[in-house]
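These are the residues of each chain, in order.
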Amino acid sequence: MKLQIIVTILTVIWSRTNASITNTKLCFGENFRFGVATASYQIEGGWNVSGKGESIWDRYTHEHPERVFDHNNGDVADDSYQRYKEDVKLLKELGVNFYRFSISWPRILPTGFINDVNKDGIRYYNDLIDELRRNDIEPLVTMYHWDLPQILQELGGWTNPVMADYFADYAKVLFNEFGDRVQFWLTFNEPLSFCQDGYGGNDAPGGQASGFEDYMCGHNVLRAHGKVYTLYNKEYRDQQQGSVGITLDIAWMEPITTSQEDQDAAETARQFTYGWFAHPILTDEGDYPPIMRKRIDENSKRQNFARSRLPQFTSEEIQEIKGSFDFLGLNHYTTFMVSPGDNKTSTVPSFQNDMGVKTSQKAEWPKSNSTWLKVVPWGFRKALNWVKNTYNNPNILVTENGISLHPGLHDPKRVNYIDGYLRALHDAIYKDKCRVIGYTYWSLLDNFEWMRGYSERFGLYEVDYESPSRTRTPRLSASYFRAIATTGCLPNDYINYVEYTLTD
Ligand code: PNW
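Residues numbered from 1 in each chain as written. Predicted model: local features only at pLDDT ≥ 70, side-chain atom pairs only at ≥ 80, totals over all residues. Heavy atoms only, no water.

S.K.: Looking at this model, I keep getting lost on the environment of Gly 200. Mind explaining?
M.R.: With respect to the helices and strands, the residue Gly 200 is situated in the loop between helix 9 (191–199) and helix 10 (213–240). The spatial distance from the C-alpha of Gly 200 to the C-alpha of Lys 413 is 33 Å, given a sequence separation of 213 residues. For Gly 200, the contacting residues outside a window of four places in its chain are Cys 195, Gln 208, Ala 209, Ser 210 and Asp 214. (Helix = DSSP H or I, 4+ residues; strand = E, 2+ residues; numbered from the N terminus. Contact = heavy atoms within 4.5 Å.)

S.K.: Explain the packing of aromatic side chains to me, please; I cannot follow it from the model alone.
M.R.: What characterises a pair of aromatic rings is the spacing of the ring centres plus the angle enclosed by the ring planes. Going through the model one piece at a time under the given rule, you end up with 58 aromatic pairs. For the pair Trp 158 and Phe 194, a centre-to-centre distance of 6.4 Å together with 50 degrees between the ring planes defines the contact as tilted. Here Phe 194 lies in helix 9 and Trp 158 lies in the loop between helix 7 (150–153) and helix 8 (163–178), a separation of 36 residues in the sequence. With a relative accessible area of 0%, Trp 158 lands in the buried category. Residue classification places Phe 194 among the buried positions, given a relative accessible area of 5%. Judged by centre distance (4.8 Å) and plane angle (25 degrees), the rings of Tyr 288 and Phe 313 are stacked. One end of the pair, Tyr 288, is in the loop between helix 11 (260–282) and helix 12 (290–302); the other, Phe 313, is in the loop between helix 12 and helix 13 (315–321), with 25 residues separating them in the sequence. Accessibility assignment for this pair places Tyr 288 and Phe 313 in one class, buried. (Phe/Tyr/Trp six-rings, centres within 6.5 Å; stacked < 30°, edge-to-face > 60°. Buried < 20%, exposed > 50% of the residue type's maximum accessible area, 1.4 Å probe, protein only.)

S.K.: Help me understand the sheet that holds strand 9 (residues 357–360), please; the structure alone is not making it clear to me.
M.R.: Picture the strands of a sheet paired through backbone hydrogen bonds; they go either parallel or antiparallel. What the three strands build is an open sheet, ordered 6-8-9; its pairing is mixed. Every other strand in the sheet has two partners, leaving strand 6 (252–255) and strand 9 as the edge strands with one partner each. Taken pair by pair, the neighbouring strands of this sheet meet at an average axis angle of 40 degrees, ignoring direction. As defined by bridge partners, strand 6 adjoins strand 8 (residues 335–340) across four bridges and the pair is classed as parallel. From the neighbouring strand, Met 253 faces strand 8, where its bridge partner is Phe 336. Against the sheet, helix 11 engages strand 6, strand 8 and strand 9, with an angle of about 165 degrees to strand 6. Packing against the sheet, helix 15 (residues 377–390) makes contact with strand 6 and strand 8, and its axis sits at approximately 100 degrees to strand 6. (Pairing = 2+ DSSP bridges. Axes fitted to C-alpha atoms, helices over the stretch in contact; angles between N-to-C directions.)

The structure is reproduced here in structure tokens:
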């Protein structure tokens, strides 16, 4: 008898607790925006049609298929150059407020320069923008998501200071052609990634000169960004009244213990990976983070270089770059643990040696299908708070967040990832008062995942690469994201989406 009462009480308590979990509805404010993202080389295909010029990714994947995990390339990719109307249908189905896509520079300017503007390239993006607007979806345009015209790479690409002017010329064409209908612009996607991996590593163009070319690249990208912001202010802002920002990627850097050494190492890592681009743009004093200047200057001297491997801005450049944003695009995927490195006496110039830290990830963090990407939602909240505290609480648009998994339509792990990261984001906004105006899931579709080819799938929609029509099929996560985008709230029947998680 007694036992039965206890069981009944426990059952009541259990069901109440459960009810309160499933009934807790987390909602984002009325003005909060939801969107999804893609990038030109990763989805468009049509690499050599209708007047498009060659990009560094075309050249690199054609010359070095062996460097890409599945020996693939973006020649056809998701064929979005032909199928953009289907993509817009999917966006409509998802109920998103905006679509973040990128423009292929060599599709607009096949020679890299403005002496030759490709009409069909302009036509394509006009059609896409008009189709979006007909469906009440706001276009958010990235000017540069890594597909540099090959011809400019022959001049040294981003290591050459003249690139800043050529990029501003290109931006001018974009403002002229599309600025009447595009209100949100991002100059660059993740300079950290394409400078470090492209000029100091294995991504296109395969520079592999870490500690030199990566810093030159970063320098000229920052100069280019400043010029484009000034251009918009001087010639377009009054008439077009849009917003111009830049997207920086921030992986959260957590000290491995609470010791001072580990905390210092984590802060150094944040300054090298994020401050590199954020400090010149977002702080009152501008220029590179002092810790970066100090460490690279000292290492360069010790290594007998005549001058620092980190270039110097002129004072005019510092002024121009400082404050050159209307909003900050932020990409976040994962977290690393940080401790001091043992590179203090290294004679080898490299970004890693200059930063001088060791990073790792915890074995217990849930895995994705990408080696670097572990599921750590609390790192997102910490990253947003660090940005808020370090850069005077700027307006942030989360321009990418997502997870790669194996192919398949049943993806409760993706649902779980989105749910966890959106809860962390909700805390950052409503508990910590971070100013975040919207959230973008990466990606709308499976796509060409750079050096990993088609082996890592980030899409809410699966793409069948065996089918000539590149059939797109919604995953479980698409219906979950739709529920969020259309209501502004995390669904309270979450459990229906993840019930198989444990056995999956
Ligand atoms: C982004 N990290 O790169 C890019 O903007 C996308 O083009 C890409 O498809 C997507 O992430 C998925 O890889 C990142 O180490 C690469 O934290 C690495 C990191 C973050 C973003």
